[in-house]
Amino acid sequence: MTTPPRRPALAAIVSLTALATACATFESPQPRVRPIDSRLHVVPVLAAKTSVETPPPAAEAPSDDASRPRRTTATHAVLWTGVVLASLGGAGLVGFGAAGLATNRKLDKGLLEEGISRDDRQTLVDRGETLNTATIVSASVGLLGALMAVTAYGVEYTNCGPLAPKRRRCSER
Amino acid sequence: MSRLRLIVGLATSLSIGLVVGCFREATPAPGFRYECSSDDDCITPVDGNGDPLVDENGDPYAEQCIAGLCQHACSGSILDLLSPSGTSDCPSDRDGYTCFNGTCNHLCDAADELPPCSAPQTCIEFTTLFAAFGEAAAGFEESLSSLPQEKPGICGILCDDADAPACPDGQVCLEGVCIGFDSGGTTGGDTTGSTGP
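Engineer: Just checking my understanding: could you explain the interface of chain B and chain A for this structure?
Structural biologist: Note on interface size: it is often stated as the accessible area lost on association of the parts. Chain B puts 29 residues into the contact, and the matching count from chain A is 40 residues. Buried area between chain B and chain A, summed over both chains or domains, comes out near 3,000 Å², and the portion from carbon and sulfur atoms is 66%. Our count for the contact surface shared by chain B and chain A stands at 2 salt bridges. If you look at where chain B meets chain A, you find 6 residue pairs in polar contact (both at pLDDT 80 or more). In terms of residue count, helix α1 (residues 2–20) of chain B provides more of the side of chain B that touches chain A than any other element does, 10 residues in total. Its residues assigned to classes, the side of chain B that touches chain A comprises 19 nonpolar, 4 polar and 6 charged.

And the structure:
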């Protein structure tokens, strides 16, 4: 009876190997991997499907906006910052531009029609030049914001991000 | 895509607004004069280097507040306008100064849509001005036809107007024009150096 004494040793080796390889599966970077056969869990290498066998994960190919996860990324921050800057710049441009236009008309009226004193003219010129500066700064801020927003939107659109309406066949990507 | 259109529209609006909304100072007509309430509101004219303009005697020209406008006083006469040997006691100016009723005034075009002169001055047509002198001013008509203006005239106030300043010493107001009789119908030898813009 030489066989019975070897069986406990073999069982111990198999148990240790299973324990060691089973721990290795806990460190696997692919948690979605499903075993082909539940009985093969004792051999993780055999249990794991290859990339050819594994279908693409559903989360990376959303079928509609509702199922798409809402994620906050730097792209979103840039997009909304750009929108805010563009809005502020646009509002400033319209406001300062209108004030500059009104100042321009007042000065024109004084110089060409109604008459104006030298001091009043200088006051209007100074005001107009200040408004010009404010208008140019507003336009620059608005333009910068618009560029930021367009760029971020382009990135979202290209990457099928949640902020860009789905017009492309993102599910096939 | 609607957001993209919104952003593109916003950028377009920015560009249009920037062009339209900018302040640009208009260039007044040569006959424009600043309003004033005293001589302190007026200035001493300077040349391109910032040096004060001086007359033949080296004295700086200085504006005075006359009839509510900053103007240069002078002692010439409108009848010296076409005198070939005349000299002016008005500052040199590329748009042409002519002494009329005691002040240095610019030539103007009465056909302009906008008033070329500052109130209370008006653009007084030469044809109207010289009509009062009959044959004595007949020779001026040919000279006036060489002026570039469609209806040439001069900015000023007729001396018989209620708001008009007094004529210079030695001149009398005749048909709205200050005339001196001590030197061939005019006072002094003052006239303009050019004929307007």
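Engineer: Can you walk me through the state of the cysteines in this structure?
Structural biologist: Linking two cysteines covalently through their sulfur atoms gives a disulfide. Residue and element names in this part refer to chain B. All told, the structure shown has 8 disulfides over all chains when counted by the stated rule. For Cys159, the disulfide goes to Cys173, at an S-S distance of 1.9 Å. Looking down the S-S bond of the Cys159 and Cys173 bridge, the torsion is 90°, so its handedness is right-handed. On the criterion of sequence distance, the pair formed by Cys159 in the loop between β6 (152–156) and β7 (171–174) and Cys173 in strand β7 is long-range, its members being 14 residues apart. By relative accessible area, which is 12% here, Cys159 ends up buried. Classification of Cys173 by relative accessible area gives partly exposed; the value is 37%. Put simply, Cys167 and Cys178 are joined by a disulfide, and their sulfur atoms are 1.9 Å apart.

Engineer: What is the right way to look at the pattern of salt bridges in this model?
Structural biologist: When the charged atoms of two side chains lie near each other, side chains of opposite charge can form a pair. If you walk through the whole model with that rule in mind, you get 3 salt bridges over all chains. Measuring nitrogen to oxygen at the nearest pair gives 3.3 Å for the salt bridge that ties Glu63 of chain B to Arg118 of chain A. Taken together, the positions of Glu63 of chain B in the loop between α1 and β1 (64–66) and Arg118 of chain A in helix α4 (residues 118–158) put the pair across two chains. For the pair shown, Glu63 of chain B and Arg118 of chain A are each scored as buried. Among the salt bridges present, the one from Glu25 of chain B reaches Arg121 of chain A, with a minimum N-O distance of 2.5 Å. With Glu25 of chain B in the loop between α1 and β1 and Arg121 of chain A in helix α4, the pair connects residues from two separate chains. Of the residues examined, Arg121 of chain A reaches a relative accessible area of 17% and is grouped as buried.

Criteria and thresholds
- Residues numbered from 1 in each chain as written.
- Chains lettered and ligands numbered in written order.
- Predicted model: local features only at pLDDT ≥ 70, side-chain atom pairs only at ≥ 80, totals over all residues.
- Heavy atoms only, no water.
- Contact = heavy atoms within 4.5 Å.
- Buried area = accessible area lost by both parts, 1.4 Å probe.
- Salt bridge = Lys/Arg side-chain N within 4 Å of Asp/Glu carboxyl O.
- Polar contact = N/O pair within 3.5 Å; in protein donor to acceptor, adjacent residues only side chain to side chain.
- Helix = DSSP H or I, 4+ residues; strand = E, 2+ residues; numbered from the N terminus.
- Nonpolar A, V, L, I, M, F, W, Y, C, P; charged D, E, K, R; others polar.
- Disulfide = S-S within 2.5 Å.
- Buried < 20%, exposed > 50% of the residue type's maximum accessible area, 1.4 Å probe, protein only.

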